[in-house]
Amino acid sequence: MGASHSREGLELSDESDYSDNEESEEHYEDATEDHATPVSTKTLDELDSKLKSLKLKYSSSETPKNLKNVAKLYLHVGGNTPKAKWIISQKLAHYEFIKTLKIEGDSEDDNEDEGFWVLKVGNNKIRARVSTDMQLKMFGDQRRVDFVDNGVWALKFFVDDEYRNFITKFQDCLFENVYGMEATEANKMKIYGKEFIGWLKPEESDDAMWEDADSGVWKGSGKTPVRDSQDLLEEFEEAVTGGGIQSLALGALDNSFLVNDSGVQVVKNFSHGIHGKGVYVKFDENDKWERGGGSTPKKALLMRGETNMMLMSPFKEGKSRSTGIHQLDIETGKIVTEWKFEKDGTDITMKDITNDTKGSQLDPSESTFLGLDDNRLCQWDMRDKKGIVQTLANTSSPVLNWTQGHQFSRGTNFQCFATTGDGSIVVGSLDGKIRLYSKTSMRQAKTAFPGLGSPITHVDVTYDGKWILGTTDTYLILICTLLTDKDGKTKSGFTGRMGNKIPAPRLLKLTPVDAHMAGANNKFHGGHFSWVTESGKQERHLVAAVGKFSVIWNFQQVKDSAHRCYQNQQGLKSCYCYKIVPKDESIIESRFMHDKYAVSDSPEAPLVVATPMKVTSISMSGKKRGHGTS
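Residues numbered from 1 in each chain as written. Predicted model: local features only at pLDDT ≥ 70, side-chain atom pairs only at ≥ 80, totals over all residues. Heavy atoms only, no water.

The name an unreviewed UniProt entry gives the chain is Vacuolar import/degradation Vid27 C-terminal domain-containing protein, with Anisodus tanguticus as the organism.

This is how it looks when you write it as structure tokens:
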């Protein structure tokens, strides 16, 4: 079903079956949908074994006398098929970093690289703007870097100094392209601040907090041993009813829900996934539901013991925000009312909503939820100011009560948010910053992480608030929120300001080969932890979608500072060990079911993968069962 595609990390070979004829080299464009054909883990293992037996050796005659800005250039061909291999593109390729000029009067569309650092290799064979889109991966023990630019390339350096100089220059150019200022120590300190010296200089970061996070008062008693190798078993796949899926609402009780523009399909929760046909709640034509104009519900929020669902269409007049939400009573199949967002008598907008806490959708008496807009963070209440549930029959558009929150004057550019088990709030922003708010105050963040320059498009947090997962287009960022106060006590960044020993984050990335196979225009979205709603339980996996791939990381492995991915790296630690679940359609969402559906022979609850026309349930098992895999 899936595999950790690490073939591009193998030693490059100069054996005779690898072409070094530059004239015969084919030009490989970005992957198309047809290229993402999955291959079996067995086939990949056989390929790995074959390639590992080939070693790269330089003879004295091949080593150039002038080593400066020279490397051997390879091209990866064959994608993730058994024919995958590296071919020599150029034995002696000259490379350089060039700062392009900004020409007055030109629009940004004329040349998107104007005014930015660009990497050029060979005779214009490669001309790539230095960015995270290149998906650069380091192999310090091989003096080598792999990256994406209309194909997957590798530069193999002849001496250690040249390799290190390349990495340093690349990171400096990336900093300047992101922040618009030279990569001096003073400018880096201006961006990150002295509290985040570990983000700027990971080698000086206090990694001990990563190791200590699961010990002492923070240790979870219900922890399940991590298995290094699990089989991903597709339990079943079925077509959806009523049109393409727009959103997935997983329930922790009996049912889960697939939402499209005409109704909600109700499916049953089982220990091996979600399943069931025949139950479909169709939106009544007489219900107060806006038709057309981008009104399809993109957000579904379960409430009141999962008997009610709040439906939000955050696209109004071409903008990603809404002036209200619809409340669906699941038991009757009727939209009860359309609520309006209003403050001080004025209509306002929201771009996202979420539950008050990680498990509050299970509370049958729940009447409040949180809202987010560019510069607003607040709590909404369906009761009036006296605490009485509003009488919906007497009003055409009941108004939600703004119970607490704050309208920031400017500059926050909020994009997404999530809550912990106790109601603490984490918010991701367009500028990459991630802010932590306590449940008692939404006016001022207790901690603000600087981010790495890429917009945060989705954010999740563990039940205990110790870990945050931010999603960007090209990578996931995993942050530890723990701190040691002046008295030596361990606290969370949600409750106090973090000091100057804030641990450096970890990055979760695709290898260049897999990033290329995912497609140039496909971006990471919807990064989630596995789902627990009970104190003492620990999340075990992380999952995100990119194009037709669901990508799964082992949480404990990512936290392990001695993990093999982190060896021979410069800068922030990046983890490339994952499993991929490929589908034949672009993925809407990938989520793990509630922890209670993790059965005895599985280290995790089933994974649910929703594409526009299908929903698939996948189990993680330590032993083979009688189900086919693909």
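### Remarks on the overall build of the chain
Stated precisely, the cut-off is as follows: Numbering of helices and strands runs from the N terminus; a helix is a DSSP stretch of H or I covering at least four residues, while a strand is a stretch of E covering at least two. Throughout this description, buried means an accessible area under 20% of the type-specific maximum (1.4 Å probe, protein chains only), exposed means over 50%, and partly exposed covers the range between. We call two residues in contact whenever any of their non-hydrogen atoms come within 4.5 Å of each other. Only the protein chains shown count as covering a residue, and every accessible area follows the Shrake-Rupley method with a 1.4 Å probe.
Helix and strand content of the chain: seven helices and 41 strands. Expressed as a percentage of its 630 residues, the buried residues of the chain come to 55%. Across the chain, the fraction of contacts at a sequence separation of at least 24, relative to all contacts at a separation of at least 6, is 60%. Accessible area for the chain stands at about 27200 Å²; split by element, carbon and sulfur atoms hold 46% of it.

### Observations concerning helix α2 (residues 160-179)
Selection rule: Expected helix span is taken as 1.5 Å per residue step, with the number of steps being one fewer than the number of residues.
Helix length check: α2, at 20 residues, gives a terminal C-alpha distance of 29 Å against a target of 28 Å (1.5 Å per residue), a fit within 8%. Every buried residue of α2 is listed here: Glu-162, Tyr-163, Phe-166, Ile-167, Phe-170, Cys-173, Phe-175, Glu-176 and Asn-177.

### Observations regarding the sheet that holds strand β14 (residues 299-303)
As a reminder of what qualifies: Strands were regarded as paired on the criterion that DSSP finds at least two bridges between them. What counts as an axis is a line fitted to C-alpha atoms, over the stretch in contact for a helix, and the angles between N-to-C directions run from 0 to 180 degrees.
Ordered in space as β14-β15-β16-β17, the four strands form an open sheet in which the pairing is antiparallel. With partners counted over all chains shown, the strands left at the sheet margins are β14 and β17 (334-340), one partner each. Sheet twist, expressed as the average angle between the axes of neighbouring strands with direction ignored, equals 25°. In this sheet, β17 lies alongside strand β16 (residues 324-329) in antiparallel orientation, the contact comprising six bridges. Within β17, the position partnered with Gln-327 by the bridge is Thr-337.

### Examining helix α3 (residues 185-192)
Rules: Of all possible arcs, the one meant is that of the directions from the helix axis to the C-beta atoms.
Within α3, the full set of buried residues consists of Asn-187, Lys-188 and Tyr-192. Down the axis of α3, the buried side of the element spans an arc of 120°, and every buried residue falls inside it. Opposite the buried face of α3, by more than 90 degrees, sit the exposed residues Ala-186 and Lys-190. On its buried side, α3 packs onto α2 and α4 (197-200). Positive phi shows up at Gly-193, right after α3, with a value of about 85°.

### Brief notes about the side chain of Asp-381
Counting through the fold element by element, Asp-381 comes out in strand β22 (residues 376-381). Beyond its immediate sequence surroundings of up to four residues, Asp-381 is in contact with Ser-367, Thr-368, Leu-400, Asn-401 and Thr-403.

### So, the environment of Asp-344
Structurally, Asp-344 is set in the loop between β18 (342-343) and β19 (346-347). Overall, the relative accessible area of 71% leaves Asp-344 in the exposed class. For the pair Asp-344 and Trp-402, spaced 58 residues apart in the sequence, the C-alpha separation amounts to 9.0 Å.

### Remarks on the packing of aromatic side chains
Convention followed: For Phe, Tyr and Trp, rings pair up if their centres lie within 6.5 Å, where Trp contributes its six-membered ring, and each pair is then called stacked (planes under 30 degrees apart), edge-to-face (over 60) or tilted (otherwise). Here, a charge over a ring means that NZ of Lys or CZ of Arg falls within 6 Å of the ring centre while also lying within 35 degrees of the ring normal.
A complete count under the given rule lists 19 aromatic pairs for this structure. On the numbers, 5.7 Å between centres and 85° between planes, the contact of Tyr-95 with Phe-157 is edge-to-face. Placement of the pair is Tyr-95 in strand β2 (residues 85-99) and Phe-157 in strand β7 (residues 152-157), with a sequence separation of 62 residues. There is no split in this pair, since Tyr-95 and Phe-157 are both buried. Every member of this aromatic cluster is reached through a ring pair, and the members are Tyr-95, Phe-97, Phe-157, Tyr-163, Phe-166 and Phe-170. Above the ring of Phe-116, the side-chain terminus of Arg-129 is found at 3.5 Å from the ring centroid. Directly above the ring of Phe-555 sits Lys-559, whose terminal nitrogen or CZ lies 4.1 Å from the centroid.

### Section: the nonpolar core
Our working definition: Here, the term nonpolar core denotes a set of buried Ala, Val, Leu, Ile, Met, Phe, Trp, Tyr and Cys residues that are joined through side-chain atoms within 4.5 Å.
With 38 residues, the main nonpolar core has Leu-478, Val-551 and Trp-553 as its most contacted residues. Sorting elements by how many residues they give to this core places helix α6 (residues 512-518) first, with four residues. Listed in part, the 27 residues of the second largest apolar core include Ala-71, Leu-73, Ile-87 and Cys-173.

### Focus: the pattern of salt bridges
Using the following cut-off: When a carboxyl oxygen of Asp or Glu is within 4 Å of a side-chain nitrogen of Lys or Arg, the pair counts as a salt bridge.
The tally for this structure, following the rule as stated, stands at 22 salt bridges. Residues Lys-614 and Glu-237 are paired through a salt bridge, measuring 3.6 Å at the closest nitrogen-oxygen approach. Of this pair, Lys-614 sits in strand β41 (residues 614-621) while Glu-237 sits in strand β8 (residues 231-239), and the two are 377 residues apart along the sequence. Classification of Lys-614 as partly exposed rests on a relative accessible area of 27%. The class of Glu-237 is partly exposed, set by a relative accessible area of 34%. Close ionic contact of Arg-540 with Glu-604 constitutes a salt bridge, the shortest N to O distance being 3.8 Å. With Arg-540 in the loop between β34 (524-529) and β35 (541-546) and Glu-604 in the loop between β39 (589-592) and β40 (607-610), this residue pair connects regions lying 64 residues apart in the sequence. What emerges from the salt-bridge pattern is a single network uniting Arg-321, Lys-351, Asp-373, Asp-374 and Arg-376.

### Brief notes about the environment of Thr-100
For the record, the criterion: By the criterion applied in these results, polar contacts are pairs of N or O atoms within 3.5 Å in which, for protein atoms, one can donate a hydrogen and the other can accept it, and in which residues neighboring in sequence qualify only through two side-chain atoms.
If you trace the backbone, Thr-100 turns up in the loop between β2 and β3 (117-121). A relative accessible area of 13% means that Thr-100 is categorised as buried. Separated by 18 residues in sequence, Thr-100 and Val-118 have C-alpha atoms that sit 7.1 Å apart. Only 2.8 Å separates the side chain of Thr-100 from the backbone nitrogen of Gly-115, close enough to count as a polar contact. Looking at Thr-100, its side chain comes within polar contact range of the main-chain oxygen of Phe-116, at 3.0 Å.

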